[in-house]
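Now for the letters of each chain:
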Amino acid sequence: MKTPRSSRHGFGAALAALLGLGFGLQVSAETVTTVPVGVMRVVIAPAPVSGTKITTFSPSLRLPVSESFVGKYVGKVTSLTSTTLSDATAAWAVGALSQAATPYYIKLTSGAAAGAMWQVSTTAANTASSVTILNLSGRDPLTAGALVGDAYEIIPADTLSTLFAGLESQIGGLNIDAADNVKLHDGASWRTFYYNSSAGVQQWREGSSSFNRNNIIVRPNSGVIYTRRGQTPIALTVMGLVVIGSEKFVVQSTGASFIGGVYPVDRQLVSLNLQSMPGFVVNS
């Protein structure tokens, strides 16, 4: 069972607290609303002999904010630019939201841009009241219609290293042709990664590159294409928070856009209502 989320974000303690709270509610008969907590199990199918098997999935459960998080993880925007979002009362630990190994997103939860989220930069350190953000495929907060007073929340994100933690010995290989492949879409193109298990390496890499890619982010609303070479199945088990609000995606005007399921339930294509998007081309 893969549960690195528990160790990184104190999820086990949070779950125990929620269970304890639920028991207390039964006794006192009070009504309290909390964000639903869930467990998702993804079975990565085994490959046939001398072949590969593709499994697609979306990490639809969200990492909870750590109990050690410093500052506000929900609040309201007090100022903004095309590259920054600020909350004068946030009191964040300087630089804590900008660590490559533990990345974050900031999501707006009210106003015209509600549902849109941006990655917090890992190269420009956050201040106590402001974060530098990466544009969402060309749609910055101003373009998206964000305004002062809009509500936000801070969302931790997985990396390749944390999402697949504990499975390295089963999925790794000496090169990209020997290891399982993980394909992610970064908003512009497909990128393929694998875990290099060579002695002295033991890290995630991209294609033939020798750079360490452990900290490549798996976006919360992205999809994953997994190519399995091993002939045994893999059970990827994750725990997290169920999304309860709206989400917005950017669909590129040209090329491919790859988005994942937001909610951990089965959906029919017709229920997505994609054909109602402005500019969607239909054909009889």
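Residues numbered from 1 in each chain as written. Predicted model: local features only at pLDDT ≥ 70, side-chain atom pairs only at ≥ 80, totals over all residues. Heavy atoms only, no water.

### Notes on the overall build of the protein chain
Here is step 1 of the chain: Along the backbone of the protein chain there are 6 helices and 16 strands.
Here is step 2 of the chain: A buried classification covers 41% of the 284 residues belonging to the protein chain.
Here is step 3 of the chain: When the accessible surface of the protein chain is summed, it comes to about 14400 Å², and 57% of that surface belongs to carbon and sulfur atoms. (Helix = DSSP H or I, 4+ residues; strand = E, 2+ residues; numbered from the N terminus. Buried < 20%, exposed > 50% of the residue type's maximum accessible area, 1.4 Å probe, protein only. Areas by Shrake-Rupley, 256 points an atom, 1.4 Å probe, with all protein chains shown as cover.)

### Digging into the pattern of salt bridges
Here is step 1 of the chain: One pass over the full model with this rule turns up 4 salt bridges.
Here is step 2 of the chain: Linking lysine 72 and aspartate 87 is a salt bridge whose minimum nitrogen-to-oxygen distance equals 3.0 Å. In this pair, lysine 72 sits in the loop between strand 2 (53–57) and strand 3 (74–76) while aspartate 87 sits in the loop between strand 5 (84–86) and strand 6 (104–108), placing the two residues 15 residues apart along the sequence.
Here is step 3 of the chain: Residue classification places lysine 72 among the partly exposed positions, given a relative accessible area of 27%.
Here is step 4 of the chain: Across the pair arginine 228 and aspartate 180 runs a salt bridge, and its minimum N-O distance is 2.8 Å. Of this pair, arginine 228 sits in strand 15 (residues 224–228) while aspartate 180 is found in the loop between helix 5 (168–171) and strand 11 (181–185), placing the two residues 48 residues apart along the sequence. (Salt bridge = Lys/Arg side-chain N within 4 Å of Asp/Glu carboxyl O.)

### Quick word on the pairing of strand 9 (residues 151–156)
One face of the sheet, then the other: side chains in a regular strand alternate in exactly this way.
Here is step 1 of the chain: Among the 6 residues that make up strand 9, 5 are buried, leaving the element largely enclosed by the rest of the structure.
Here is step 2 of the chain: Both strand 6 and strand 9 contribute to a ladder of 5 bridges, which runs antiparallel. Residue pairing for strand 9: leucine 108 is matched across the bridge by tyrosine 152. (Pairing = 2+ DSSP bridges.)

### Regarding the sheet that holds strand 6
Here is step 1 of the chain: Read from one edge to the other, the open sheet built from 4 strands follows the order 3-9-6-7, with strand pairing classed as antiparallel. Each edge of the sheet is formed by a strand with only one pairing partner; in this case those strands are strand 3 and strand 7 (117–119). This sheet shows a mean twist of 25 degrees between the axes of neighbouring strands, independent of strand direction. (Axes fitted to C-alpha atoms, helices over the stretch in contact; angles between N-to-C directions.)

### As for unusual backbone geometry
Here is step 1 of the chain: Its identity as a non-glycine residue notwithstanding, alanine 91 has a phi of 55 degrees, on the positive side.
Here is step 2 of the chain: For alanine 91, the position within the fold is in the loop between strand 5 and strand 6.
Here is step 3 of the chain: Its identity is not glycine, yet glutamine 202 carries a phi of approximately 45 degrees, on the positive side.
Here is step 4 of the chain: Its place among the elements puts glutamine 202 in the loop between strand 12 (190–196) and strand 13 (203–206).

### Comments concerning the side chain of threonine 55
Here is step 1 of the chain: Note that threonine 55 resides in strand 2.
Here is step 2 of the chain: Engagement of the side chain of threonine 55 in a polar contact is seen with the backbone nitrogen of alanine 45, the distance being 3.3 Å.
Here is step 3 of the chain: Look past the residues within four positions of threonine 55 in its chain and what remains in contact with it is Val43, Ile44, Ala45, Val224, Ile225 and Tyr226. (Polar contact = N/O pair within 3.5 Å; in protein donor to acceptor, adjacent residues only side chain to side chain. Contact = heavy atoms within 4.5 Å.)

### Examining the packing of aromatic side chains
Here is step 1 of the chain: Under the defined criterion, the tally for this structure stands at 5 aromatic pairs.
Here is step 2 of the chain: Between tyrosine 195 and tryptophan 204 the ring centres are 5.9 Å apart and the planes differ by 70 degrees, which places this aromatic pair in the edge-to-face class. Each member of the pair, tyrosine 195 as well as tryptophan 204, carries the same accessibility label: buried.
Here is step 3 of the chain: Cluster of aromatic residues (ring-pair linked, three or more members): Phe164, Tyr195, Trp204 and Tyr226. (Phe/Tyr/Trp six-rings, centres within 6.5 Å; stacked < 30°, edge-to-face > 60°.)

### Remarks on the environment of alanine 114
Here is step 1 of the chain: Relative to the helices and strands, alanine 114 resides in the loop between strand 6 and strand 7.
Here is step 2 of the chain: In this structure alanine 114 comes out as buried when scored by relative accessible area, which is 14%.
Here is step 3 of the chain: For the pair alanine 114 and serine 246, spaced 132 residues apart in the sequence, the C-alpha separation amounts to 7.0 Å.

### Quick notes on the confidence of the model for the protein chain
Here is step 1 of the chain: For the protein chain, the average pLDDT comes to 84, and 81% of its residues sit at 70 or higher.
Here is step 2 of the chain: For residues 1–28, every residue scores under 50 in pLDDT, and the model assigns this stretch 53 contacts once sequence neighbours within four places are set aside. (pLDDT = per-residue confidence, 0-100.)

### Digging into the sheet that holds strand 8 (residues 130–132)
Here is step 1 of the chain: Within the open sheet, the 3 strands sit side by side as 4-5-8. Their pairing is antiparallel. Both outer strands of the open sheet, strand 4 (79–80) and strand 8, are each paired with one neighbouring strand and no more.
Here is step 2 of the chain: When strand 5 meets strand 8, the two strands line up antiparallel, connected through 3 bridges. Looking at the pairing, threonine 84 lines up with threonine 132 of strand 8.

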